[in-house]
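Architecture and fold: a report
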Amino acid sequence: MKQFISPFQLALLVANFIFAASLITLPQILTQISNQNTWMVPFLVYPIVVVLLLIGFGRGNKAQSSFLTEQKSSLHHLFYITLGLFLIIIYIRDLRAFVDFTSRALLPTTPIEVIAILVSVVLLYISSAGIEVVTRITVIQFIVLGVTILSLPFMLLNEIELSHITPIFGADTVQDLSKSSFELFPWMGECLIFFSLLGNVTAKKRVRRATIIGVSTGLFLLFLLIITSIAVLGENIVSKSIYPNYIMIQQINITDFMDRLDLIIVIIWMPVMLSKLALTLYCIHRAFFNLNGRATSNLLMTPLSLLLAVLAIILFENNTVHLEFSFLTWTIIGIAMECFLLILIIVLRVRTKDNK
Amino acid sequence: MVGTIGILSILLIFLITQYKHIKQLKERKWVYLFVLVTAGISLFLSLPFSFNGLTEYLNMTVGYLTKMVVS
């Protein structure tokens, strides 16, 4: 039986997908490039992402119809193969980032292979249950994380220094902001994968709105994190630390007995990240082995998730190689693949007959 | 070594418990192939060889384009 999700759930899936992984290390490179003006970058990327989504959707519900069809053309297969490769790169990058963070912050003496295997087994368990379960977990956890992030500026009120975020305009400001936007764009463009899930959305009319609400929510939360971390730590610390947001939440000091809120916030963030990875794994399996999204055999998911876990370990010798890949290589690969996917989505939409 | 043993153990348990289901599956060849590839690649976790060269090559070539834009 085919599984369905509502537009509200789709919105939160989109928000979670673009937000959960980008908060780990991305603010560092953005701040390195555009200094204390970095908090403006999400506002520059937002219109570009929304316009691309609108171009992808087009008028009416043709985009949804093109993915609802049971008979898949060769163009559909090309789209799903490209999407599968795109998601494999995202999965490996995010899993390694998650494992490295866990190893550094929570389990410093545990080998990263063991963390990767344990995380993969958890992801396998969630993904095998299907899109509905992944979505329900995401919705519950993302709302909790969203509320926590919204309350961060209040929790850090005594540490915020407004002079850290005062915009400074110079000769290179526009250039630096453009470079930062170039770095941020492929991370936000990941929301294109939701075109492949359109066949699972119950409503036909509110899908476009839901996707844009999701992008807006994700980018707003990222903006809030960037501006809070720069306001609290200053651009120097943010641009030099690998996990600036983690250092920022360590500054929360409401009372003497609540000075380790950082661990609680990390524990709130972890399921959100796991649900992003689970959704990615589900979509990879679907892109290669189950195009119509029916509840079929998930036997291939076990070796697939373990294979990707091994690749996440052996492809990066250390954290530095992984960071270089995320900040430099992924930017080009991400932009190229996202453009190609968008072109395929438009062609698929144009070729689909209007089913009014 | 711990990673390789862990992966091989999980794959072995998977094959033993799911053998009946795999046997009935049309794509059973794919399942066995994936299991074999995963088991083979997991050996790299304990061997002194690495796929890191591929990533470093990509960082030097593709990543260089981003460096040119950003710096």
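Below: a short report on this structure. Just so we're clear, the structure is a prediction, and the values are computed from it rather than from any experiment. (Residues numbered from 1 in each chain as written. Chains lettered and ligands numbered in written order. Predicted model: local features only at pLDDT ≥ 70, side-chain atom pairs only at ≥ 80, totals over all residues. Heavy atoms only, no water.)

Listed per partner, the contact involves 37 residues of chain B and 32 residues of chain A. Together chain B and chain A conceal approximately 3,000 Å² of surface at their shared face, both sides included; 81% is due to carbon and sulfur atoms. Counting every contact that joins chain B to chain A gives 0 salt bridges. The element that contributes the greatest number of residues to the side of chain B that touches chain A is helix α3 (residues 52–70) of chain B, accounting for 13 residues. Classifying every residue of the side of chain B that touches chain A gives 22 nonpolar, 13 polar and 2 charged. (Contact = heavy atoms within 4.5 Å. Buried area = accessible area lost by both parts, 1.4 Å probe. Salt bridge = Lys/Arg side-chain N within 4 Å of Asp/Glu carboxyl O. Helix = DSSP H or I, 4+ residues; strand = E, 2+ residues; numbered from the N terminus. Nonpolar A, V, L, I, M, F, W, Y, C, P; charged D, E, K, R; others polar.)

Residue and element names in this part refer to chain A. Considering all chains together, one arrives at 16 aromatic pairs over all chains under this definition. Relative to Tyr-80, the ring of Phe-79 lies with its centre 5.4 Å away and its plane at 80°, an arrangement referred to as edge-to-face. Look at Phe-79 and you get buried, because its relative accessible area is 0%. Linked through ring pairs, Phe-98, Phe-101, Tyr-243, Tyr-246 and Trp-269 together constitute an aromatic cluster. (Phe/Tyr/Trp six-rings, centres within 6.5 Å; stacked < 30°, edge-to-face > 60°. Buried < 20%, exposed > 50% of the residue type's maximum accessible area, 1.4 Å probe, protein only.)

Next up on the list: the environment of A:Leu342. Residues and elements named next belong to chain A. Tracing the backbone shows Leu-342 in helix α14 (residues 319–351). For Leu-342, a relative accessible area of 10% translates into the label buried. Not counting the four nearest positions on each side in its chain, Leu-342 is found in contact with Leu-52, Gly-56 and Leu-192.

A grouping of B:Leu8, B:Leu43, B:Leu47 and B:Phe49 is seen on the molecular surface, where their side chains present a nonpolar patch of about 360 Å² in accessible area. On the basis of relative accessibility, which here comes to 53%, the residue B:Phe49 falls in the exposed class. (Patch = residues over 30% accessible without salt bridge, like charges linked within 9 Å, V, L, I, M, F, W, Y side chains within 5 Å. Areas by Shrake-Rupley, 256 points an atom, 1.4 Å probe, with all protein chains shown as cover.)

What follows deals with the state of the cysteines. Residue and element names in this part refer to chain A. Applying the stated criterion across every chain, the model contains 0 disulfides over all chains. We note that Cys-191 lacks a disulfide partner, and the nearest cysteine sulfur, in Cys-339, lies 13 Å from it. A relative accessible area of 1% means that Cys-191 is categorised as buried. For Cys-339, a relative accessible area of 39% gives the class partly exposed. (Disulfide = S-S within 2.5 Å.)

What follows concerns the packing of helix α1 (residues 2–24) of chain B against helix α2 (residues 28–42) of chain B. All names here are of chain B. Orientation of α1 relative to α2, taken along the N-to-C sense of each, is 170°, at an axis distance of 10 Å. With respect to their mutual orientation, α1 and α2 come out roughly antiparallel. Where α1 approaches α2, its residues Thr-4, Ile-7, Leu-8, Leu-11, Phe-14, Leu-15, Tyr-19, Ile-22 and Lys-23 are matched on the opposing element by Arg-28, Val-31, Tyr-32, Val-35, Thr-38, Ala-39 and Ser-42. (Axes fitted to C-alpha atoms, helices over the stretch in contact; angles between N-to-C directions. Parallel < 35°, antiparallel > 145°, perpendicular 65-115°, else oblique.)

So, about the side chain of A:Glu338. Residues and elements named next belong to chain A. By the secondary structure assignment, Glu-338 is in helix α14. Lacking a salt bridge, the buried Glu-338 has Arg-93 as its closest oppositely charged neighbour, with an N-O distance of 7.2 Å. Once residues within four sequence positions are removed from consideration, Glu-338 is found in contact with Phe-86, Phe-185, Pro-186, Gly-189, Glu-190, Leu-192 and Trp-330. (Lys, Arg positive; Asp, Glu negative; His and termini not counted.)

The next point concerns the pattern of salt bridges. All names here are of chain A. Within the structure shown, the criterion is met by 6 salt bridges over all chains. The closest approach of N and O atoms between Arg-93 and Glu-190, which form a salt bridge, is 2.8 Å. Separated by 97 residues along the polypeptide, Arg-93 in helix α5 (residues 74–105) and Glu-190 in the loop between α8 (173–188) and α9 (207–233) bring together distant segments of the chain. Take Arg-93 and Glu-190: they sit in the same class, and that class is buried. Residues Asp-100 and Arg-96 are paired through a salt bridge, measuring 3.1 Å at the closest nitrogen-oxygen approach. Linking Asp-100 with Arg-96, this pair stays in helix α5, spanning 4 residues, or about one helical turn. Given a relative accessible area of 9%, Asp-100 falls into the buried group. By sharing partners, the salt bridges in this structure join Arg-93, Asp-94, Glu-190 and Lys-276 into a single network.

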